[in-house]
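Tertiary structure, described
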Amino acid sequence: MSSPNVDNDSDPPLVKDIQNITEKIIEEITKWRDSVQVEDDGNAHSPQQTTASAANNSSAATNQDGGAKQEEDHVTGQQHDKKEVDDVNAVSDQKKKQVPSDKKETKKESNKKLIKRELNTLCNELVSMLSSEKVKTFSDNLSLPPLVENLNNIFKDLPRVTDTELPKQVPINIRMLRNNIARVQIQILLQHQAANANSDANRRWKKTVATSEADDLPRLYNEPLFESSYYFKEIKEKYNQLDIRHKICLLCFAVFPESAEIKKRLLRFWWVGENLVPPEEGKDEMKIVSDILDTFVKKGFIQPIRKKNKLQPRSYKMTPIVRSCLIKFAKEAHFFDYDKEGKPTMDFTSCKKASMVKREGAQAQWFSDYLDGQDNKQDTEKLSADMIKLQMLFNFPDRQKLNDAPSKFNELQTLFNVSKQFPELPKEWLLKMENIKVLFLGRWESEAGVKRHIEVEDIDFLRGLKTMKKLRLLSLQGISGIARLPGAICELSGLKILDLRACHNLEKLPDKIGLLKMLTYLDLSECYLLHYIPKQLNKLSELEVLKGFVIGNAKNSCTLEDLSVLKKLRKLSVNVSNPKFNIDDEKAALSKFESLQKLRIAWGSGAFSENNLPGGGRNQSEQDNLNGGDSGEANSKATKQGTGSQQQLGTATKVVMFANKMKSKRKGLQKLVKLDIQCFPNTEPPTWLVPRELKGLTNLSIRGGNLSHLKQDPDDPSKWNVNVLRLKFLVNFKMNWKDMTQEFPELNYLENVRCPRITFCPCDASGVWQKPSESN
C-alpha cells in the first residue's frame, strides 16, 4: 500500500508523528476489507481510493490561491459523516441488548464497517490538512499534541474491535479526534488571518488593545462553517447549561477586543451596575464575583492571567474562538449589537446596550456618501450638527436608525466606552437617559498595557447626569480635563459605584457628596491634584470601599476620626501629604472602625520633613515613651528586669495576662486582615504595629521608606499570625531568617525585594520564598 504522505525532512516533528500513526491506522483498517467488502460495495471507497483521492485533492488545493479556502473546505467536508458517528454511538450503547440470532451477524459486521468508514473519513481529512504548507508554518501555534494522543489511543484499541465486541472507548476516541481536527482547522484559519492583520505595515500603528481592535476582531462568528463545527457546538452546549445571570455575566466579555486582559475589578463594577451580583449571606461582592469567574474558568470560557508574585489572578482573557461564539450569542440575545465583521456597534435601537467604538475611516457607507455629497436619494434634508455628532459617535448603519435614535435614548440601560478618545456626549442626550444603569465613559484597559488617552474639553455635559436616578455605576476613570465634578452628580440617588481613578486633573469633590446615600464604592486613586476631602464624606453610611482618601493640610478636611463612623467600611486606602501627620496619633481613630479589614497607608513626598527623619524628630524620652507605650508599661518592664521571680513566669501565665489586658482595649485594629504600608518616613515603626494589636492580620506588606525594624518585646509572647509577608525596597530594615521564622511562625509566602539587610532568607532569584506544601 502506498504511503498517504510524502515524508519531508522539513516537516515539523509533530506533523511527522501524525503522518506515521495515520499510515498505521490505514494499514490496520485495510486488513478488515475482506470481511466487510460486501457491505462496502457502493457505500464507501477503499482506503487506497480514499488516499488517492485525498492526495489528488491536496495537490489541487495546494495550487489554489485564497489563503484559508482550503481549510474551510476541510471543515465543511467533515460534516457529511455526522450520521455515522451517531450510528457508532448507538451501536456502542446497544451492544449489550438481546438481538435475534439471525440479525446478530449483521450487527457484528456493522461494527467494523462503521468504524472503518469513520476512520477513512478522518484519515482523509488529516492527509489533506497535513499537506498544507500552513500547517508547517503555524505548527507551533496549533493544538497538534492532542491529535497525536488521540491517534495513538485509537491505534492501540483497533485490535480489540472484533465481530463480537466494540470497546466503548473506540467511538469516544473517534469523536474526540473529530473535535480536535475541527479545532486545528479553525486555528489554521485564525493564524492565517492574524498573519495578515499583524503585518509590519499594520503593526506600527497599534498602540493599545482598544485602538487595535478593528484589525484583531475575528470574523468567524458569521461563518456557516464555524457554526457547524464541533467546537462551536461544544461551547454552545456549555453556554446553554448556565442560568440567565451567568449567561449575561459571560456575554460581557464579548464587548472587549480579543485577547484583552479584563480586570476582575472592572467586571465587579459592571456586574454590580447591572444588578447581576445580588447579596448573598456571608459573602461580599468580590467573593461572589470570584465564584462566577471560577465557574467560567472551569468550563473553559476564560483563562486566568497569572502575574509574577501574585498569588491570585486579577485579570482574565478569552480566546478568539470562544469570543467568536459569544458574539453570536450576544447578538441573538440582543445583549449588544454587532456588525457583519463582528465589531460592536452603537445601534441601541435594537438593543438596550451600546458601546462606543473608535472607527476612523470606517464610517457607514450612507454617511460617507452624505459627507462626499453623493447622496442621490430624494431625502436630501441636511443633518443638524447634533445629528452628525451622534452619527460620528454611534456610527448607525443607516439613516433611519439615526433618525430614530433620539427617541430611544430613554430606553438605553448600558453605555460602555470601548475605544473612544473623546467620549463627551451632548448634555441634551444625557438628560434623556433616565433608565440607564451603567455609564462607563472612562478607560478600562489593564495597567499592564499602554494606556489610552481620554479627554473632554468641558465638564458641562456632566450636568446632564442629574436625571439618571437609576444609575448604579458611573466610571470616569482616566479622563483628562475634569478639574471638578458638578453638583449634579450628587443627585444620583441610586449610585452605588463612583470610579474616578486616575482623573489627574481632578482638584475638588462636591461639598454635598454626602447625598449619595447608596454609594458603596468610591475610588479616588491617582487623583494627584486632590488635596481636600469634604467632611460630608462621612455621611455615606453604605460605603464599603474607599480608595485614595487624602490627608492634607486643608482646614475642615475630612479626617480618619470622621471616617470611623462608617460602620460598613471594609477597605480603606489613605494617601498622606501632610508632614505633620503622625500615625501614632491616629491609633484611637483606627481602633474605632468596626468593619475595617484592609488598610493601605502611603506617604507622599509632601509628608517628608525634618520631623520625619530617623527617630521622627523626637527627643529620646519621647521616643522611649512611644517604643514602650505608656509610662506604666515602661516601669513594669524595668521592674521585671530587676525581679527574678517575674522573669521566670511561664509562657501560659503571660498569655493570660496579655489577654486580660487587651479586653479593655478597642477591637478595631484587631479586625484588620491586610495591612499595606508604603514609604513610611520614620525608622521606628508605629506603636500599634505589633502582634498583640493586630491579631487578625494575615497579610502584611511594607514597601519603601525608612523603617528599620519591627518591634520585638521579649516580655510579649504574642507572635504574628501573618501568612503572607512582602518586604520591598527597605534599605534600612534589618532582620535575619531565623528571627523571621520565630516572629512569623505561620508564614507561608515571603517576598524580599531589594532589602539588603534582610539576611539568610532562602528566596529564589525573584526574591520569593514559599513554604513547601505537605504533598511535596
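Residues numbered from 1 in each chain as written. Predicted model: local features only at pLDDT ≥ 70, side-chain atom pairs only at ≥ 80, totals over all residues. Heavy atoms only, no water.

Notes on the overall build of the chain
In terms of regular secondary structure, the chain is built from 28 helices and 21 strands. Burial analysis of the chain (776 residues in total) assigns 49% to the buried set. Expressed as a percentage of contacts within the chain between residues at least 6 apart in sequence, the contacts between residues at least 24 apart total 71%. Approximately 36,600 Å² of the chain is accessible, and the part contributed by carbon and sulfur atoms is 48%. (Helix = DSSP H or I, 4+ residues; strand = E, 2+ residues; numbered from the N terminus. Buried < 20%, exposed > 50% of the residue type's maximum accessible area, 1.4 Å probe, protein only. Contact = heavy atoms within 4.5 Å. Areas by Shrake-Rupley, 256 points an atom, 1.4 Å probe, with all protein chains shown as cover.)

With respect to unusual backbone geometry
In the Ramachandran plot, Cys679 falls in the positive-phi region, its phi being about 55° despite a non-glycine side chain. Looking at the element boundaries, Cys679 is found in strand β15 (residues 674–680). The phi torsion at Arg754 lies on the positive side, around 55°, for a residue other than glycine. Note on placement: Arg754 falls in the loop between β19 (749–753) and β20 (758–759).

Re empty space enclosed by the protein
Counted under the stated rule, the structure contains 5 cavities of 30 Å³ or more. There is about 80 Å³ of room inside the largest cavity. In this structure, the largest cavity is lined by 12 residues; those nearest its centre are Lys263, Arg265, Trp444, Glu445 and Gln477. If one sorts the elements of the lining of the largest cavity by residue count, helix α15 (residues 264–273) sits on top with 3 residues. For the lining of the largest cavity, a count of residues per class yields 4 nonpolar, 1 polar and 7 charged. (1 Å grid on protein atoms, 1.4 Å probe; cavity = no way out; pocket = protein on both sides within 12 Å on 5 of 7 lines; lining within 4 Å. Points joined across faces, edges and corners; volume = space filled by probe spheres on them. Nonpolar A, V, L, I, M, F, W, Y, C, P; charged D, E, K, R; others polar.)

Points about the environment of Thr467
For Thr467, the location among the structural elements is in the loop between β7 (454–455) and β8 (473–475). Sequence spacing of Thr467 and Glu491 is 24 residues, and the spatial spacing of their C-alpha atoms is 8.0 Å. With sequence-adjacent residues up to four places away left out, Thr467 is seen in contact with Leu430, Leu431 and Glu434.

Notes on the packing of α15 against helix α16 (residues 285–298)
Where α15 meets α16, the axes come as close as 10 Å, and the angle between the chain directions of the two elements is 105°. Relative to α16, the element α15 is oriented roughly perpendicular. Residues Lys264, Arg265, Leu267, Arg268, Trp271 and Val272 of α15 touch α16, and the partners they reach there are Glu285, Met286, Val289, Ser290, Ile292, Leu293 and Phe296. Tallied by class, the residues present in the contact of α15 with α16 amount to 8 nonpolar, 1 polar and 4 charged. (Axes fitted to C-alpha atoms, helices over the stretch in contact; angles between N-to-C directions. Parallel < 35°, antiparallel > 145°, perpendicular 65-115°, else oblique.)

Digging into the side chain of Ser480
Looking at the secondary structure, you find Ser480 in strand β9 (residues 479–480). Beyond its immediate sequence surroundings of up to four residues, Ser480 is in contact with His453, Ile454, Glu455, Val456 and Asn505.

A closer look at the confidence of the model for the chain
On average, residues of the chain carry a pLDDT of 75, and 70% of them reach 70 or more. When the criterion is pLDDT under 50, residues 36–109 qualifies, and its contacts beyond four places in sequence or with other chains add up to 101 contacts. Note on residues 613–666: pLDDT is under 50 here. Beyond four places in sequence and across chains, it has 51 contacts. (pLDDT = per-residue confidence, 0-100.)

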